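Descriptive structure summary
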Amino acid sequence: MKTIKILKLLVITISFCVLNSCDSDDSVTVKRNEVKVNANSFEVTNATLFDDGTYNGITEFELLLTGSGITIASNRDINGHGGFLTLTLFSNEQTGLAEGDYSYDNQNSLGFILNRGGYILDYDASLGDGQTGSVDIESGDISVTVENSQYTITIDLTDELGNNVTGYYNGDITILD
């Protein structure tokens, strides 16, 4: 009888330990392809990289991360309605962005530099040049990794209004000249 009580107590103790070890922290968080400015955000559905030329082994690229309502023409015209982020990056790679951390510096054009940037959360091409809402990037960093032609870009920037501009993108980048 005493043995049965001890076994029951042992089973209850083991069950309690096993159930407590299953925690919601064990779940994997999937990052969304998005750009976020404070409480506002847009899902990034397309990434386009324009090659602006190579000088002394450093290539200047313009990276555009756009939402689903925006299309980018090969002549760089932005069409549609939605959000986009544009960044000018200097890379020591000539065929695409090199892996590394790009820090904001608008006085320099050396490799691994984020030279300038800006965003509009509610762009409307039908307004033409009368567009409002463009906000410049003033500081921060982006991180780029590349695996099997898939880019992962992590964004941690501050705009001219002092807002945090954060984001993440994982996927293909269309590269245009």
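See the structure printed just above.
Residues numbered from 1 in each chain as written. Predicted model: local features only at pLDDT ≥ 70, side-chain atom pairs only at ≥ 80, totals over all residues. Heavy atoms only, no water.

Focus on the packing of aromatic side chains
Each aromatic ring pair is characterised by the separation of its centres together with the angle its planes make. Overall, the coordinates contain two aromatic pairs when judged by the stated rule. Considering the side-chain rings of phenylalanine 84 and tyrosine 123, the 5.4 Å spacing of their centres and the 80° angle between planes classify their relative orientation as edge-to-face. Here phenylalanine 84 is found in strand E6 (residues 78-91), whereas its partner tyrosine 123 is found in strand E8 (residues 113-124), with 39 residues between them in sequence. Overall, the relative accessible area of 8% leaves phenylalanine 84 in the buried class. (Phe/Tyr/Trp six-rings, centres within 6.5 Å; stacked < 30°, edge-to-face > 60°. Helix = DSSP H or I, 4+ residues; strand = E, 2+ residues; numbered from the N terminus. Buried < 20%, exposed > 50% of the residue type's maximum accessible area, 1.4 Å probe, protein only.)

Looking at the nonpolar core
Counting residues in each nonpolar core, the largest one holds 29 residues, and the members touching the most others are Leu65, Leu85, Leu97 and Ile142. Counting eight residues, the second-largest nonpolar core is a separate cluster that includes Phe50, Leu64, Ile70 and Ile72. (Core = buried A, V, L, I, M, F, W, Y, C linked by side-chain atoms within 4.5 Å.)

Here's the deal with unusual backbone geometry
The residue asparagine 38 is not glycine, and still its phi comes out positive at about 50°. Position of asparagine 38 relative to the elements: it lies in the loop between strand E1 (34-37) and strand E2 (40-43). Of the residues examined, asparagine 38 reaches a relative accessible area of 43% and is grouped as partly exposed.

Considerations on the pattern of salt bridges
The full count for this structure, using the stated rule, is four salt bridges. Between glutamate 34 and arginine 32 there is a salt bridge whose closest N-O contact spans 3.4 Å. Residue classification places glutamate 34 among the buried residues on the basis of a relative accessible area of 18%. One network of salt bridges, with partners in common, ties together Asp52, Glu62 and Arg76. (Salt bridge = Lys/Arg side-chain N within 4 Å of Asp/Glu carboxyl O.)

Re the pairing of E1
Note: E1 against E2, four bridges, orientation antiparallel. Looking at E2, one finds that glutamate 34 is bridged to glutamate 43. Inspection of the sheet shows E1 paired to strand E11 (residues 164-171) by four bridges, in the antiparallel sense. Across the sheet, the residue bridging to lysine 36 is threonine 166, located in E11. (Pairing = 2+ DSSP bridges.)

Focus: the side chain of threonine 48
Mapping threonine 48 onto the fold places it in strand E3 (residues 46-55). Side chain to side chain, threonine 48 and asparagine 46 meet in a polar contact 3.3 Å long. If we skip the residues at most four places from it in the chain, threonine 48 touches Glu62, Leu63, Leu64, Ile72, Ile173, Thr174 and Leu176. (Polar contact = N/O pair within 3.5 Å; in protein donor to acceptor, adjacent residues only side chain to side chain. Contact = heavy atoms within 4.5 Å.)

A closer look at the environment of serine 109
Within the secondary structure, serine 109 is located in the loop between strand E7 (100-104) and E8. Residue serine 109 is classed as partly exposed on the basis of its relative accessible area of 41%. Taking the C-alpha atoms as reference, serine 109 lies 6.3 Å from phenylalanine 90; in sequence the two are 19 residues apart. Residues in contact with serine 109, not counting those within four places in the same chain, are Ile58 and Phe90.

A word on the pairing of E3
The sheet contact formed by E3 and strand E4 (residues 58-66) spans eight bridges and is antiparallel. Residue alanine 47 lies in a different strand from E4, and its bridge partner there is leucine 65. Between the end of E3 and the start of E4, which pair antiparallel, lie two residues, with asparagine 56 showing a positive phi angle near 50°. Here E3 runs beside strand E12 (residues 174-176); their pairing, made up of three bridges, is parallel. The residue bridging phenylalanine 50 from the neighbouring strand is leucine 176, located in E12.

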